[in-house]
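# Fold and contact review
The residues making up each chain are set out below.
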Amino acid sequence: MVRWTEAPEEPTYDLVEPDELDAGPQRRRSGTVTTVLVLLMLAFLGYGVMRVSSLDDFVDLAIVAGAMAVTPYAVAGGLLLAIVTFAFKRRVLALFPLVIALSLSALLGPRYLSEEQPEATGTRLRIMAANLYLGNADARTIVNLVRQQQVDVLTMPELTPTAVSALDRAGLAELLPYRVFDARPGGDGSGIAANIPLRKVSLMPDTLLSQQSAVIDLPGIDDVELTAVHVQPPLYDEDVPPWRTELAGLPPSTPNDRVRILAGDFNATFDHGPFRELVQRGYADAGEETGQGLDPTWSSLPTGPPLTIDHIVVDNRCAISSYAVHDIPGSDHNAIIAEVVLP
């Protein structure tokens, strides 16, 4: 007897494209990552609106004044956010922080670029401003800078009686014998020392910190008025109104008056609306004019990042031929020196 059996069915195979073999499982985009990136972008957008609208002009909050001071760091953070967003393949989203960062960068640009100076052909004055940090700045370093840089006029916020003695022992009285000093314990004092005769005047009598002013008696030409600036810092909410008022109260520079120069610790950067308004009242900032407007003059880590809060601001009829920032041991501020050519 013959038994018939069915032949087994031939196996069938599904064709798989080569790309599918290599692709592996598809990754699903994380909604959490997208949400975090969007929230960071919204915060950055809010910051940009605050900076462009000069919110510190009318809001009495120390946190707003502090936030405006760190605009250069915020721009760097925005660029980093754009890079991170792009790395997470949210390419369209990455455009938003990039555009905001570039827009804010345009506000910083002038501080990197030197400006053409007016045709000033008068006397040259070398002016130095140095915050002595409660009188603790190294006196020998300051006197050496005065000697090496051939400084004519020195302004000193936070001048103390102890600092006066230390500076004179280091030789300041021989180099800059003329002085208008209001030395006080702590950080309230200030002073002006010069190698040119000075006459004390009262331009800022009602300020929280001493801000001495003097007329520099230059032979044969019109005299120059100079103020040793030390504006109340906006550390707390109650400090913001006097900070804004004192910046607004600094004397303007007008063509019919004496040439005016303001030098010292303004506790404000170019990203603060009140400081920009001061400069617009007939002044030019030496650091910005020479393309060094972002060179930091104060640093107190971890309290805050390096900032440019010390300035030499001159009548815009003057020319700035040089500007430099120098380290001072013992102080949280750097010294700034500018050579000013009078009209």
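On a predicted model such as this, the values are computed, not experimentally measured, just so you know. (Residues numbered from 1 in each chain as written. Predicted model: local features only at pLDDT ≥ 70, side-chain atom pairs only at ≥ 80, totals over all residues. Heavy atoms only, no water.)

## Details of a nonpolar patch on the surface
There is a patch of nonpolar side chains on the surface, built from Leu79, Val92, Leu95, Phe96, Leu98 and Leu102 and spanning about 560 Å² of accessible area. The leading source of residues in the nonpolar patch is helix 5 (residues 91-108), at 5 residues. Here Leu102 is to be found in helix 5. (Patch = residues over 30% accessible without salt bridge, like charges linked within 9 Å, V, L, I, M, F, W, Y side chains within 5 Å. Areas by Shrake-Rupley, 256 points an atom, 1.4 Å probe, with all protein chains shown as cover. Salt bridge = Lys/Arg side-chain N within 4 Å of Asp/Glu carboxyl O. Helix = DSSP H or I, 4+ residues; strand = E, 2+ residues; numbered from the N terminus.)

## Re the environment of Thr141
Secondary-structure assignment places Thr141 in helix 6 (residues 139-148). Setting aside chain neighbours within four positions, we find Thr141 in contact with Asp327, Ile328 and Pro329. (Contact = heavy atoms within 4.5 Å.)

## Let's talk about the sheet that holds strand 4 (residues 190-194)
Strand order across the open sheet formed by 6 strands is 3-4-2-1-14-13, with mixed pairing between neighbours. Each edge of the sheet is formed by a strand with only one pairing partner; in this case those strands are strand 3 (178-182) and strand 13 (319-326). Strand-to-strand twist in this sheet, taken as the mean axis angle between neighbours without regard to direction, amounts to 15°. Direction of pairing for strand 1 (residues 124-129) relative to strand 2 (residues 153-157): parallel, over a ladder of 3 bridges. Bridge pairing links Ala129 to Thr155 in strand 2. Taken strand by strand, helix 6 contacts strand 1, strand 2, strand 13 and strand 14 (335-341), and its axis lies near 165° from that of strand 1. (Pairing = 2+ DSSP bridges. Axes fitted to C-alpha atoms, helices over the stretch in contact; angles between N-to-C directions.)

## Some thoughts on the nonpolar core
Of all hydrophobic cores here, the largest spans 28 residues; its most connected members are Ile127, Ile216, Ile261, Ile312, Val340 and Leu342. Only strand 1, strand 4, strand 6 (213-216), strand 7 (224-230), strand 8 (259-265), strand 12 (310-315), strand 13 and strand 14 provide two or more residues apiece to this core. (Core = buried A, V, L, I, M, F, W, Y, C linked by side-chain atoms within 4.5 Å. Buried < 20%, exposed > 50% of the residue type's maximum accessible area, 1.4 Å probe, protein only.)

## Quick notes on the pairing of strand 2
Along strand 2, 5 of the 5 residues are buried, which leaves the element largely enclosed by surrounding structure. By the alternation rule, side chains of strand 2 split into Val153, Thr155 and Pro157 and Leu154 and Met156, which are all buried. With helix 6 bridging strand 1 and the parallel strand 2, this β-α-β connection has right-handed handedness. Note that strand 2 and strand 4 share 5 bridges and pair antiparallel. Bridging from a neighbouring strand, Pro157 pairs with Ser190 of strand 4. (Right-handed = clockwise from strand over helix to strand, strands pointing away.)

## Remarks on the packing of helix 4 (residues 71-87) against helix 5
Close contact between helix 4 and helix 5 brings their axes to 8 Å; oriented N to C, the two are set at 160°. Taken together, the axes of helix 4 and helix 5 are roughly antiparallel relative to one another. Classified by chirality, the crossing of helix 5 by helix 4 is left-handed. Contacts between helix 4 and helix 5 involve Thr71, Pro72, Val75, Gly78, Leu79, Leu81, Ala82, Thr85 and Phe86 from the former and Arg91, Leu93, Ala94, Pro97, Leu98, Ala101, Leu104, Ser105 and Leu108 from the latter. For the contact of helix 4 with helix 5, the class distribution of residues is 13 nonpolar, 4 polar and 1 charged. (Parallel < 35°, antiparallel > 145°, perpendicular 65-115°, else oblique. Left-handed = near helix turned anticlockwise from the far one by under 90°. Nonpolar A, V, L, I, M, F, W, Y, C, P; charged D, E, K, R; others polar.)

## Examining the confidence of the model for the protein
Per-residue pLDDT for the protein has a mean of 91; in total, 91% of the residues score no lower than 70. Within the model, the stretch residues 18-27 combines pLDDT values under 50 with 1 contact to residues more than four positions away or in other chains. (pLDDT = per-residue confidence, 0-100.)

## Digging into the sheet that holds strand 8
The strands making up a sheet associate through hydrogen bonds between their backbones, and the pairing can be parallel or antiparallel. Pairing within the open sheet is mixed, and its 6 strands lie in the order 5-6-7-8-12-9. Lying at the two open borders of the sheet, with one neighbouring strand each, are strand 5 (198-201) and strand 9 (283-285). In this sheet, neighbouring strand axes are inclined to one another by 25° on average, regardless of whether the strands run parallel or antiparallel. Pairing between strand 6 and strand 7: 4 bridges, direction antiparallel. Pairing of Ser213 across the sheet is with Thr227, part of strand 7.

## Some details on the layout of surface pockets
Gaps left between atoms show up when a probe the size of a water molecule is rolled over them. Size it by volume and the largest pocket reaches roughly 610 Å³. If you go around the largest pocket, you meet 28 residues; those closest to its centre are Pro233, Leu235, Asn267, Trp298 and Ile309. Taken together, the elements giving at least two residues each to the lining of the largest pocket come down to helix 3 (62-69), strand 10 (298-300) and strand 11 (304-307). The biggest single contributor to the lining of the largest pocket is helix 3, with 4 residues. (1 Å grid on protein atoms, 1.4 Å probe; cavity = no way out; pocket = protein on both sides within 12 Å on 5 of 7 lines; lining within 4 Å. Points joined across faces, edges and corners; volume = space filled by probe spheres on them.)

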